[in-house]
Amino acid sequence: MPPRKAAPEGPFPYPTTSEWAENLYEAITNTCAAEGFVPVPRQAVLEGLAPALGRGEAKRVIERRRDGGRFLRSTACHVEQRDTDGALLVLKVDLHGAATLPWVNNDRTRSAWLHPSDDNQERLEDLVDQQRLKAAWTAGLERAKSALRALAPTATPAEKDAAVAAVETAEEELDRIKAELRACEQALGERRPLPVVQAVTEDGIPLAALTTEAVRAEVATEVQRYAVETLREHARGRSYDLVESLVQEGQRDSTVVVLQRTPVIDQDGARREIWRGQQATGANRADARLDVLGVSPQHLLTGVPQSLLRLPGEEDNRRMVVRGLGEILRRISFLLNTEYAVPERDQEGRAQRAVRIAQVPARVVIGARKPQRLEESLRQLNVHEHLRGQLDYADVDRALGLWSTLVKAYQAEGRLGELLAQEVAQGRITAGELDEDAIADALVGARALDVLSVLLPPGDEVSSLTLRDVAIRCATALVFPPVPPRPQNLAPRAKMPTGRYWPVVRTALQEASWARENADKAKRRTEIWAAVVAQHFRRPGPLAAAEGLFGKHEVQFGVRPDARSLASLLTACRQGDAAAWETLVRRHLTPGMISAAEPFITPNQGSLDSVARKGVRRAPSNAVQALVNAYSVPPEGVTRELLLAFAEAVLRTPDSPAGDGLRPGTFWVPDPHGNPRKGILADKEWFDAVFPPLASVRRAKRQQPPADDITGAADESNGGDTVELDDEIPEAPLARMTRLRAELASAVASSTVSAAAVAEEIGRLLEIVTEAVRAREEAGDEKEPADVRALYVDDFNKIKEEAAKIAPLLDKATLAVMSL
């Protein structure tokens, strides 16, 4: 490398000197000690923070005390989330516009990531290998084509045949690799496993910076590329161009930056640690700034090719990569300042467009009250910004943001371990035996599900199936926590005691009071449940596919998970237990039926109706109830063996690879004996034919949970003798009122479903008539005889007469309910 020339002056800053970098670290450690915070590691300051500060910026925020020690100025520090365990000490500085990366763990894109299991990580490794092979063979194909084109006219036939064969071989190999790459993408469900981040530990002490697990450099590059691609996809709904906004106005607001270490292993096997500032908030702005400055995020992470940052007089070296953050930023500033110094510079050139974002305000995390909760604290800042911000959240990501808020609320109240130990583990373990921090991270997708193995029922092996199932049980218990039944001695108008868990949900989700039983609560909670459950599958289904699966009763009184394991439930179903079958279907099969590679339950929406749609349009609750009823009242050709074979296939198939003519995650339909019928794919069309839509859905009356903890055990001195009287004891008016009020909600829900089913049947009737008319016109056939058409009209009028009875009855019910 030639000797460095004097750096041209300009608006783009050059990195802080090593001397002031050490002074900055001293000031940070002294200030954190005085304020009661744990500081960031030294290397994080020297390699990730100091290079991002312009010269003079470190001096601006440091002061010397009378005792000679260096501290940060009080005006340069701020405490986020004060008086909480997640309190953070941040440094208010201006950073180089190209110094930070979009944070991969952004909650606005959480739905685009898989849980970070070992299996998913191995699939990612295979995907990256196939990407490298594709790039290599693409280049090889171009070389082969160039060699073919460069053949001299005097070339021999043998030379021409060899060149053509080389092109054909390269094309065949490239097609094969592309097919394997598509298979790798399908195995991951077109997504990527979310990197696990945790606090950096030095000498056994956690510090206020994050680190990921060591991966190959190519894997880290792919993860960063995918994160930015997904972030851009989610930001397309923005009503203005963010890049042009930054070019014209710069960045006015301050964003939160966390220092993160990314250990990578290069192709030669050498391990190196990369320190970069990550935008915990403002990730879109970080990506837009890098776009303006001409640097890709993945290059900024693992190394920028020298050809992109070549200095004047420097030889072009295609094998040279610039890795150090300080050197990358120095080269960017050198090149842009050189361009900016030209009086007749291009007004649309990079230097002119980037001048307003040469430096941007930031709040850099330099200390934490509890570093173990650093990632959680930053995630909540991110969630809060998006839930309360102007940029629209996608429905799934909004639901996941609320889920993250809900889990944190349980944790803050000290109820998370207690609820899971009582409701999911059924009291087999105590709350003190659970690692709440690890379990909370696993539930929100920031850690693998292995930590949930402690909650598994006895006898269950630890597998992706059982871990996914226990995670769904946890989500159900947390979103629909149990509420004690109304005490028998409670006055009619007295306030209902809602127990320990419902107030946590109400505060986190900002719901109305418990007494206000409405459909909005049920819909919102169901959307959260559906979004959380979908993340445990590689092909998550839409939120609308879960509509109506939980009602107002589940919101008010909660959902009690069954204590039995999946194996026990299946055994009970084989022995004729209809209640076990209903539990298996509603709580364990339904998520897999929604998020299967060939979904059996889809949204009841006309917008999804097309020639490509499989099966019939039906409400999700209708499909679930049809499967439940098939156990006791089986349709023609349905046996218990078929039902159990279908249930086992739905449970195990999400993780199954391709094979035997099947795509990943699919299976053959079972025959009446439970054996697979090869060649017939189990899909929605088959499901709707075997389990046809019900005319109406009427669920059995749901029982409230036992009230032993409220009303106490029965008095044992009453004796066990009973007598039967000649006449029935008349029901007390108060008891009858309580019973009828409880039945009212179920009757309203059943009537709503029945009315929807009738409307659906009339819609289907209209479609048949319309299609019949169109078919007659296309065939050029005569109309039906007049007397036949008249009979149809009479039948339609009878239907109208029956339908006309509904509105007056509803009007009377509406007037009556006002006096309830």
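Structure report, in brief. (Residues numbered from 1 in each chain as written. Predicted model: local features only at pLDDT ≥ 70, side-chain atom pairs only at ≥ 80, totals over all residues. Heavy atoms only, no water.)

## A short note on the overall build of the protein
Each helix and strand in the protein was counted, giving 28 helices and 18 strands. Along the longest, intermediate and shortest principal axes, the C-alpha atoms of the protein span 110 × 85 × 50 Å. With 820 residues in all, the protein has 47% of them scored as buried. Across the protein, every contact between residues at least 6 apart in sequence was considered, and the portion connecting residues at least 24 apart equals 72%. In the form shown here, the protein has an accessible surface area of approximately 41,200 Å², with 51% of it arising from carbon and sulfur atoms. With 106 positive and 119 negative side-chain charges, the protein shows a separation of 5 Å between the mean positions of the two kinds. (Helix = DSSP H or I, 4+ residues; strand = E, 2+ residues; numbered from the N terminus. Buried < 20%, exposed > 50% of the residue type's maximum accessible area, 1.4 Å probe, protein only. Contact = heavy atoms within 4.5 Å. Areas by Shrake-Rupley, 256 points an atom, 1.4 Å probe, with all protein chains shown as cover. Lys, Arg positive; Asp, Glu negative; His and termini not counted. Charge placed at Lys NZ, Arg CZ, Asp CG, Glu CD.)

## Looking at a nonpolar patch on the surface
On the surface, V758, I762, V769, V773, Y792, F796 and I799 cluster together into a nonpolar patch covering about 560 Å² of accessible area. Secondary-structure elements contributing two or more residues to the nonpolar patch are α26 (733–779) and α27 (786–804). Classification of Y792 by relative accessible area gives partly exposed; the value is 46%. (Patch = residues over 30% accessible without salt bridge, like charges linked within 9 Å, V, L, I, M, F, W, Y side chains within 5 Å. Salt bridge = Lys/Arg side-chain N within 4 Å of Asp/Glu carboxyl O.)

## Details of the pairing of strand β13 (residues 271–279)
Counting buried positions along β13 gives seven out of nine residues, so the element sits mostly inside the fold. Where strand β6 (residues 100–102) lies against β13, three bridges are found, and the strand directions are parallel. Counterpart to P102 in the pairing with β13 is Q279. Across nine bridges, strand β12 (residues 255–265) lies against β13 in antiparallel orientation. Considered in β13, the bridge of P263 is made with E273. Counted between consecutive antiparallel strands, the loop separating β12 from β13 contains five residues, among which G269 sits at a positive phi close to 90°. (Pairing = 2+ DSSP bridges.)

## Concerning empty space enclosed by the protein
Tallying each qualifying case throughout the model produces nine cavities of 30 Å³ or more. Space inside the largest cavity adds up to approximately 120 Å³. Lining the largest cavity, in full, are R110, W113, L114, H115, L400, W403, L443, V444, G445, V532, Q535 and H536. If you list the elements that add at least two residues to the lining of the largest cavity, you get β7 (113–114) and α13 (395–412). Across the lining of the largest cavity, the residue classes tally to seven nonpolar, four polar and one charged. (1 Å grid on protein atoms, 1.4 Å probe; cavity = no way out; pocket = protein on both sides within 12 Å on 5 of 7 lines; lining within 4 Å. Points joined across faces, edges and corners; volume = space filled by probe spheres on them. Nonpolar A, V, L, I, M, F, W, Y, C, P; charged D, E, K, R; others polar.)

## Thoughts on the nonpolar core
In this structure, W403, L420, L455, W581, L589, L627 and F691 are the most contacted members of the largest nonpolar core, which totals 93 residues. Looking at this core element by element, the count peaks at nine residues for helix α16 (residues 464–479). Filtering out sequence-adjacent residues up to four positions away, F691 remains in contact with R618, A626, L627, A630, V638, L642, L643 and W686. Among the nonpolar cores identified, the runner-up in size contains 92 residues, and C77, V200, V247 and V364 belong to it. (Core = buried A, V, L, I, M, F, W, Y, C linked by side-chain atoms within 4.5 Å.)

## Quick look at the environment of T212
With respect to the secondary-structure elements, T212 resides in strand β10 (residues 205–212). T212 sits in the buried class, given a relative accessible area of 13%. Counting along the chain gives 48 residues from T212 to Q260, while the straight-line C-alpha distance between them is 7.8 Å. Every residue in contact with T212, bar those within four places of it in the chain, is listed here: V196, V197, Q260, R261, T262 and P263.

## With respect to helix α1 (residues 18–35)
Between its terminal C-alpha atoms α1 stretches 26 Å, which fits the 26 Å expected from 18 residues at 1.5 Å a residue. By the burial criterion, the buried members of α1 are A21, N23, L24, A27, I28, T29, T31 and C32. In the segment just after α1, G36 is the residue with positive phi, at about 80°. (Expected span 1.5 Å × (residues − 1).)

## Remarks on a negative patch on the surface
Judged by side-chain charge, D118, D119, E122, D126, E213 and D450 come together as a negatively charged surface patch. Among the secondary structure elements, E122 is positioned in helix α4 (residues 118–149).

## Things to note about the pattern of salt bridges
Oppositely charged side chains are able to pair whenever their charged atoms sit close together. Under the counting rule described, the total for this entry stands at 52 salt bridges. The closest approach of N and O atoms between R500 and E418, which form a salt bridge, is 2.7 Å. Residue R500 is located in the loop between α16 and α17 (502–509), and its partner E418 is located in helix α14 (residues 416–424); the two are separated by 82 residues in the primary sequence. For R500, a relative accessible area of 43% gives the class partly exposed.

## Describing the pairing of β10
Counting buried residues along β10, six of its eight residues qualify, which places the element largely inside the surrounding structure. Here strand β9 (residues 197–202) folds back onto β10, and the loop between the two strands holds two residues, one of which, D203, carries a positive phi near 55°. Pairing analysis gives two bridges linking β10 to β12, with the strands arranged parallel. Its bridge partner lying in β12, L210 is registered against Q260.

That is the geometry; function is a separate question.
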